[in-house]
Amino acid sequence: MSGGIMGVAAISTGSIHTFQSRSGARKFPRIEFSAQIEIDGILYPTKEWSVGGFSIGDEKYAGKKGDKHHGHLCFELPVGRFSTPVQFEVMRASENGYALGCQFYSLNSGHQKTLQSIVDTYLTGETISLESVTSYGVKAQLHEEEVKRMQQNWWRFAIVALVSVALVITAALMIQSRILSIASAHAAVSQPVLTQRSYNNGVLRLGDYKPGQLVEKGELLFTVFTEEGTDLLAKDTQVLSGINSEINYLQTLLRQSKESVARYNSRLFTELQVMTDKRKLLEQELSTRERILSLYANGVKRGTVDTISRELERIEVFEIKRALLSMDTQIEEIESQLDQILIGVPPREAQGSLNSPFEVQSKLDMLVIKKDRVLEEIERLKTRGLAYAPCNCYIVTINASDGQVVQTGTSIFELSPVAQQNRTARSILALMPLEGAELLHIGMPVEYRLASRDEKLVGTIDHIQYYSASNSDIYNEEGESLSGLPKTLPRLQQYTLIKVLPSDSDRDSIVNEPATVIATVSWKDIFKHWFNL
């Protein structure tokens, strides 16, 4: 925009036209108020102009339809020149290649309002104030300059935005480290430990073992010799000899008793068979005598047999029946004795001067039980001074030296089982502050870093419990103690103990190696804790 001395100009002459559209109506009112278009420093007078465009005379400015140009639309006022920048496109051109009608495009809203104010003032016949006209131009100019300034300085705004984002992220990380992150007070690589102790008093004899060495299950670790154990072994051996002698005697007696019962049982079967046969014969004789008695009874009636003969025959029948009853009693007695033998309680007649097999077997069973106990005692005494590896283990520590006099229960070896497919041998034990205990839960992922590595690893919380240094013994589900925690913690200090299953990629951790564990909780858990949801 350019201008001279501010003043007031009256527009009193001219006419009103409209752009003709294809339908016969114009989009913007076109006026004949004097205006010029400045293109590349050259002024071309317009025939008419409006907010939408302008027209110029033929053979003034070379151009064909569709050409786009930019310039300034200028107005000569008595007090100076007023101009506004415009961009236009040639819409009509002559056959000789000159522009006739042009249309504005991408016209700034401020410049558009400036032109519209001139048109409105012209149409109403009011006096145009140069100050009011130029104020629109000034505002449009300022708007364009502000846009250009912002476009030129976008990188400054980007830097400010990046710095702001960095500050917000830093503040968020500080809040997270302060509220959402729970760091361990102490942490170390742990492993289950089996303590191999001395079974008696005596002098310790160690093999050639060193910490970290692998031993196989059943391998002899150490021996402890004692005179007391030797004396007890000799005494139990003598007792075992006496028990064996008595067992041999009872076994012989049991065999004899069983043989005597077997012979008596065989004799009873023979007697039972004889008695059965005799009874069958008597039954036959009884049947014959009863038929004869019936004939005698008929003969007495006819007078052919005397009464005495009939009664004598009747007496014979009664004698046979009495004999049958006696034989039935004998058969029942024999069968009863056979039943006694069958259930293992033979009659006294079958044993003679011997004890029954049942009595002998009972004494023998009691002696066998006593013998088993003595054998267990002898075996314990034999192996009492011998200690074998309970599993495939690594030696963690050796707490005694060769030749040392030890007592029963003295810790000699601390062993760690070798990892198996269904069991993780090593873990991370971490002492966390009590204040954050309620935010931790089993299955929660945590980060940990070993002292020997800078890499952050991710593990999973497997166990949570209360911990006090005054009661520092920790055991796993198999009853094995766990190593790895410091031995010099303040006795009154209390913590939350968590057991962390290490990452699958963690293959080279060192037992008792210090570590750092950080548990990061979510805002959701924080809000639940704060509001007790």
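Residues numbered from 1 in each chain as written. Predicted model: local features only at pLDDT ≥ 70, side-chain atom pairs only at ≥ 80, totals over all residues. Heavy atoms only, no water.

## Concerning the pattern of salt bridges
We apply this condition: Think of a salt bridge as a Lys or Arg side-chain nitrogen and an Asp or Glu carboxyl oxygen that are within 4 Å of each other. Helix and strand labels come from DSSP, where a helix needs a run of H or I of at least four residues and a strand needs a run of E of at least two; each type is numbered from the N terminus.
In total, this model carries 11 salt bridges according to the counting rule given. In this structure, the salt-bridge partner of Arg314 is Glu311, at a minimum N-O distance of 3.4 Å. Here Arg314 pairs with Glu311, and both are found in helix H5 (residues 307-342), just 3 residues apart, close to one helical turn. Each of the salt bridges in this network shares a partner with another, and the network as a whole consists of Arg279, Glu283 and Asp328.

## Topic: unusual backbone geometry
Even without being a glycine, Glu59 presents a positive backbone phi close to 60°. Mapped onto the elements, Glu59 comes out in the loop between strand E6 (53-56) and strand E7 (68-77). The backbone phi angle of Ser106 is positive, close to 55°, even though this residue is not glycine. By the secondary structure assignment, Ser106 is in the loop between strand E9 (99-104) and helix H1 (109-124).

## Brief notes about H5
Defined as follows: In this analysis, the expected span of each helix is defined as 1.5 Å times one less than the number of residues it contains. Accessible area is worked out with a 1.4 Å probe on protein chains only. A residue is then buried under 20% of its type maximum, exposed over 50%, and partly exposed in between. Whenever a nitrogen or oxygen atom comes within 3.5 Å of another N or O atom, the pair is scored as a polar contact, on the condition that within protein one atom can donate a hydrogen and the other can accept it, and that pairs from neighbouring residues in sequence are kept only if both atoms are in side chains.
Taking 1.5 Å as the rise per residue, H5 with 36 residues should run 52 Å; its terminal C-alpha atoms sit 53 Å apart, in good agreement. Among the residues making up H5, those that are buried are Arg310, Glu313, Val317, Ile320, Leu324, Met327, Ile331, Ile334, Gln337, Leu338 and Ile341. Regarding H5, its N-cap is Asp306, as a side-chain oxygen of that residue lies 3.3 Å from the backbone nitrogen of Ile308 further along.

## Focus on the sheet that holds strand E26 (residues 515-520)
The following threshold applies: Pairing between two strands is assigned when DSSP locates at least 2 bridges connecting them. Throughout, an axis means a line fitted to C-alpha atoms (over the contacting stretch in the case of helices), and angles, computed between N-to-C directions, take values from 0 to 180 degrees.
Pairing is antiparallel in the open sheet, where 7 strands are placed in the order E11-E26-E22-E23-E25-E21-E12. Each having just a single partner strand, strand E11 (181-183) and strand E12 (186-190) make up the two edges of the open sheet. Recorded for the sheet is a direction-independent mean angle of 35° between the axes of neighbouring strands.

## Details of the environment of Ala62
Of note, Ala62 is situated in the loop between E6 and E7. In sequence terms Ala62 and Ala93 are 31 residues apart; their C-alpha atoms lie 8.8 Å from each other.

## A short note on the side chain of Ser50
As for its position among the elements, Ser50 is in the loop between strand E5 (42-49) and E6. Judged by its relative accessible area of 0%, Ser50 falls in the buried class. At 3.1 Å, the side chain of Ser50 forms a polar contact with the backbone nitrogen of Gly52.

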